[in-house]
Amino acid sequence: MGFLDIDNVTKSYGTVEVLHRVDISVGEGEFLVLVGPSGCGKSTLLNMIAGLEEITSGTISINGRVVNDVHPSRRNIAMVFQSYALYPNMTVGQNMTFGLEMHGVPRAERERALKDVAQLLQIGHLLDRKPGQLSGGQRQRVAMGRALVRDPDVFLFDEPLSNLDAKLRVDMRTEIKKLHHRLGRTTVYVTHDQIEALTLSTRIAVMNKGHVQQLGTPREIYDRPANTFVASFMGNPSMNLMPARIVVQGGVPHAQVTLEGASQKLLRLGQPALAAQDGREVILGLRPEAITDEGGADRSAQLVEQVDHVVSVVEPAGADTFASFTVGGRDVVARLRANSQPRVGAQFPFRLNMDKAVVFDPRTEARIGD
Amino acid sequence: MSVATQSTAVRTGRAGRALIVTVLIFFALFYLLPLGVMVINSLKPLPEITGGNMMALPQEPTLEPWRSAWSTAQIGVQATGLKPYFLNSILMVVPAVAISTMLGALNGYVLTKWRFPGHRWVFGLLLFSCFIPFQIVLIPMARLLGLMGLAGSLPGLILVHVVYGIGFSTLYFRNYYAAFPTELVRAAMIDGAGFFRIFWRIMLPVSGPIAVVCIIWQFTNIWNDFLFGVSFAGLDAMPMTVALNNLVQSSTGVREYNVHFAAAILAALPTLIVYIVAGRYFVRGLMAGSVKG
């Protein structure tokens, strides 16, 4: 039993099921991020927690109370919307205390709560302005303030940063993280931005097509993706996925990949269980940062393979230089140090950290071997 | 907004501009001519009009026709002038406009933010009422008013105008609220505001532009209505338009054209004032939402 329990929840519109048997248990004080491409059902799920969408089957409970039939205002939640949804006719102060007023909180108490939150978010000087007179970042703060004033059990965020410019988005992300650290409130946060998901969350639910693909800590999701969808959705540039075959030599499983010119290369695998799968076709997954130049290789890595290969594209990106080559007909991206100098068309000695390699079944696309 | 307005003006040469201004002045005068004739003749003693020259300026200007039209002209059997009928019209138009605008706003709110199965049908039928020729409904409406005991009374007339005003007022508000972000309503729901609180505190305060459009539209239509007035009003509730007709069409005595002109201007004055005071909001409201920013 968690603090917020989503138990076997489905959502259908008519005969079309858009959410399939979602089971997530969120502990008190956790920061759960629902992440996925648009149309994956993440916002629908959030709206169901908020009570803005009906639950077709299953139950959602908050703090031990089933809230399926409880009105949004009595679930003791607060929500920050993508458009901020500030009431345009009210001042910032009125916006923030509207919820308290509707709940019959006396004026003096409202003023006190408003003062505290305004101080916390440093928006005291904005209280008499109308939302139309605020910048995007200020509106975002006010929207969060409106949620904080309510002192709810659960905070719900619906893509709150997607309307901000890139710089401000990063700043506000840090701010939200700090705020969560300070208040320790249970939070459910919806985003399509995998960086936001990784940086903010204590746990992530990666969703696609109405299914939760994987639920886990950011580290688990990143290092041990449950399937190829999670592997390629999380991380930028996304994980390299190469067709390979298991070859067992001396009892040790290897992934055999095809390099340019049809030459074969055996790469040792760290998953002993795969030794029983000799000859099986698989998909080998390796993140760009696990493919480096010699000096950039992880010194603590156990299994490092060298692959000399012709470079097809070089993309300097400031902190790193990305170089691409082709394995089994697929482009593979390597993350090199900024000062390494691969040349297009020339051979380059890549180092592959096979400790980080993951293996997927090409048919089910699920991770196998560990 | 102001920047956009400026940039829409096209640069023209001096000759082109002179031509445009000349044409505009010509048409402005052309449109003002009837009003000018009415004003001029309403200030003349009757012999000056019957003498023949309608276009001439008054030789001996007088306000007597206005006084007569307002308070002493013979309308029907009594020499009351338009005054009591003007009051009737006010008593009819104010509640009718207020109620139909309010109901239109409420309908628009429900049809956009509290959708129910079949909401499209309801809206379609309401729209249909905008296009019903009123002659068709006269007899059934008369029967209904009779059954309700409202025949020939002011409340009956108000009811008729409200019923036939709801179509347009709903259309206005529905289209305005369709562009209103639903997230605001959801935020208010989470904040604990109910159906009417959201309407009152969130929707209505931002409905100014469309409310002005709706009020002008309803006011003009209801004030100028003759058909419903002459059919349903009876003697006590007779509105201004019907009284004006009775004054002008009276078949006995001398036709006092100067009084008729003054009376016609008096009858048109309220709508004119409404347009002058709120006209710019009318255009603004009609344009609202059509252009981004």
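Cut-offs and rules
Residues numbered from 1 in each chain as written. Chains lettered and ligands numbered in written order. Predicted model: local features only at pLDDT ≥ 70, side-chain atom pairs only at ≥ 80, totals over all residues. Heavy atoms only, no water. Phe/Tyr/Trp six-rings, centres within 6.5 Å; stacked < 30°, edge-to-face > 60°. Buried < 20%, exposed > 50% of the residue type's maximum accessible area, 1.4 Å probe, protein only. Lys NZ or Arg CZ within 6 Å of the ring centre and 35° of its normal. Axes fitted to C-alpha atoms, helices over the stretch in contact; angles between N-to-C directions. Helix = DSSP H or I, 4+ residues; strand = E, 2+ residues; numbered from the N terminus. Parallel < 35°, antiparallel > 145°, perpendicular 65-115°, else oblique. Left-handed = near helix turned anticlockwise from the far one by under 90°. Contact = heavy atoms within 4.5 Å. Nonpolar A, V, L, I, M, F, W, Y, C, P; charged D, E, K, R; others polar. UniProt positions renumbered as here; feature names shortened; annotations may be inferred. Domains from an automatic or database assignment. Buried area = accessible area lost by both parts, 1.4 Å probe. Salt bridge = Lys/Arg side-chain N within 4 Å of Asp/Glu carboxyl O. Polar contact = N/O pair within 3.5 Å; in protein donor to acceptor, adjacent residues only side chain to side chain.

Focus: the packing of aromatic side chains
The description of two aromatic rings rests on the distance between their centres and on the angle between their planes.
Okay, step 1: Under the defined criterion, the tally for this structure stands at 27 aromatic pairs over all chains.
Okay, step 2: Here Tyr 109 of chain B and Trp 114 of chain B contribute two aromatic rings whose centre-to-centre distance is 6.4 Å and whose plane-to-plane angle is 75°, an arrangement assigned as edge-to-face.
Okay, step 3: You can call Trp 114 of chain B partly exposed: its relative accessible area is 30%.
Okay, step 4: An angle of 85° between the planes, with centres 4.9 Å apart, marks the rings of Phe 195 of chain B and Phe 196 of chain B as edge-to-face.
Okay, step 5: Taking relative accessible area as the criterion, Phe 196 of chain B reaches 56% and is therefore assigned exposed.
Okay, step 6: Clustering of aromatic rings is evident, with ring pairs tying together Tyr 109, Trp 114, Phe 195, Phe 196 and Phe 199 of chain B.
Okay, step 7: Positioned above the aromatic ring of Tyr 87 of chain A, the side-chain terminus of Arg 146 of chain A is 4.8 Å from the ring centre.
Okay, step 8: Positioned above the aromatic ring of Tyr 222 of chain A, the side-chain terminus of Arg 287 of chain A is 3.8 Å from the ring centre.

As for the packing of helix H2 (residues 92-102) of chain A against helix H4 (residues 136-149) of chain A
Between two packed helices, the angle of one axis relative to the other and the distance separating the axes together describe the packing.
All names here are of chain A.
Okay, step 1: Packing of H2 against H4 brings their axes to within 8 Å, and their N-to-C directions diverge by 30°. Looking at the two axes, H2 sits roughly parallel to H4. When you trace H2 past H4, the crossing you get is right-handed. In this structure, H2 contributes Val 92, Asn 95, Met 96 and Leu 100 to the contact, and H4 contributes Val 142, Gly 145, Arg 146 and Val 149.
Okay, step 2: Across the contact of H2 with H4, the residue classes break down as 5 nonpolar, 2 polar and 1 charged.

Points about the UniProt feature "transmembrane region" (unreviewed entry) in chain B
Residue and element names in this part refer to chain B.
Okay, step 1: Mapped onto this structure's residue numbering, the UniProt feature "transmembrane region" (unreviewed entry) falls at residues 18-40, 85-109, 121-142, 154-177, 198-220, 226-247 and 259-283.
Okay, step 2: Along residues 154-177 one finds 100% helix and 0% strand; the C-alpha atoms at either end are 32 Å apart.
Okay, step 3: Secondary structure across residues 226-247 comprises 64% helix and 0% strand; the distance between its end C-alpha atoms is 14 Å.

Observations concerning the domain arrangement of chain A
Residue and element names in this part refer to chain A.
Okay, step 1: The assigned domain composition of chain A is domain 1 (4-233) and domain 2 (240-368).
Okay, step 2: Each of domain 1 and domain 2 has a C-alpha centre, and these two points are 38 Å apart.
Okay, step 3: The partner domain 2 presents 10 residues to the 9 residues of domain 1 that form the contact.
Okay, step 4: In this assembly, domain 1 packs against domain 2 so that about 900 Å² is buried in total across both faces, 47% of it on carbon and sulfur atoms.
Okay, step 5: Scanning the region where domain 1 abuts domain 2 turns up 0 salt bridges.
Okay, step 6: Along the contact surface separating domain 1 from domain 2 lie 6 residue pairs in polar contact (both at pLDDT 80 or more).
Okay, step 7: Contributing elements (two or more residues each) for the side of domain 1 that touches domain 2: helix H7 (218-223) and helix H8 (228-233).
Okay, step 8: The biggest single contributor to the side of domain 1 that touches domain 2 is H7, with 3 residues.
Okay, step 9: Here the side of domain 1 that touches domain 2 is built from residues that sort into 5 nonpolar, 2 polar and 2 charged.

Quick word on the domain arrangement of chain B
Residues and elements named next belong to chain B.
Okay, step 1: Under the domain assignment, chain B is made up of domain 1 (13-71) and domain 2 (83-287).
Okay, step 2: Here the C-alpha centroids of domain 1 and domain 2 sit 32 Å apart.
Okay, step 3: Taken together, the 14 residues of domain 1 in the interface contact 14 residues of domain 2.
Okay, step 4: In total, about 1400 Å² of surface goes out of reach between domain 1 and domain 2, with carbon and sulfur atoms giving 84% of it.
Okay, step 5: Applying the counting criterion to the domain 1 and domain 2 interface returns 2 residue pairs in polar contact (both at pLDDT 80 or more).
Okay, step 6: Elements supplying a minimum of two residues to the side of domain 1 that touches domain 2: helix H2 (14-42), helix H3 (46-50) and helix H4 (64-72).
Okay, step 7: At 5 residues, the largest contribution of residues to the side of domain 1 that touches domain 2 is made by H4.

Some details on the side chain of Arg 141 of chain A
Okay, step 1: The residue Arg 141 of chain A is located in helix H4 in this model.
Okay, step 2: When sequence neighbours within four positions are dropped, the list of residues in contact with Arg 141 of chain A reads Leu 121, Ile 123, Met 172 and Glu 175 of chain A.

Observations concerning the interface of chain A and chain B
Okay, step 1: Facing 27 residues of chain A, the contacting portion of chain B comprises 15 residues.
Okay, step 2: Summing both partners gives a buried area of about 1800 Å² for chain A against chain B, and 61% of it is carried by carbon and sulfur.
Okay, step 3: Considering only the surface of chain A that becomes buried against chain B, Leu 52, Tyr 87 and Met 102 of chain A emerge as the three largest contributors, covering 29% of it.
Okay, step 4: For the salt bridge of Asp 191 of chain B with Arg 150 of chain A, the shortest nitrogen-to-oxygen distance reads 3.5 Å.
Okay, step 5: Between the two partners, chain A and chain B, sit 9 residue pairs in polar contact (both at pLDDT 80 or more).
Okay, step 6: When contributions to the side of chain A that touches chain B are tallied by element, the ones reaching two or more residues are helix H1 (42-50), strand E6 (77-80) and H2 of chain A.
Okay, step 7: At 4 residues, the largest contribution of residues to the side of chain A that touches chain B is made by H2 of chain A.
Okay, step 8: Class assignment for the residues of the side of chain A that touches chain B results in 15 nonpolar, 8 polar and 4 charged.

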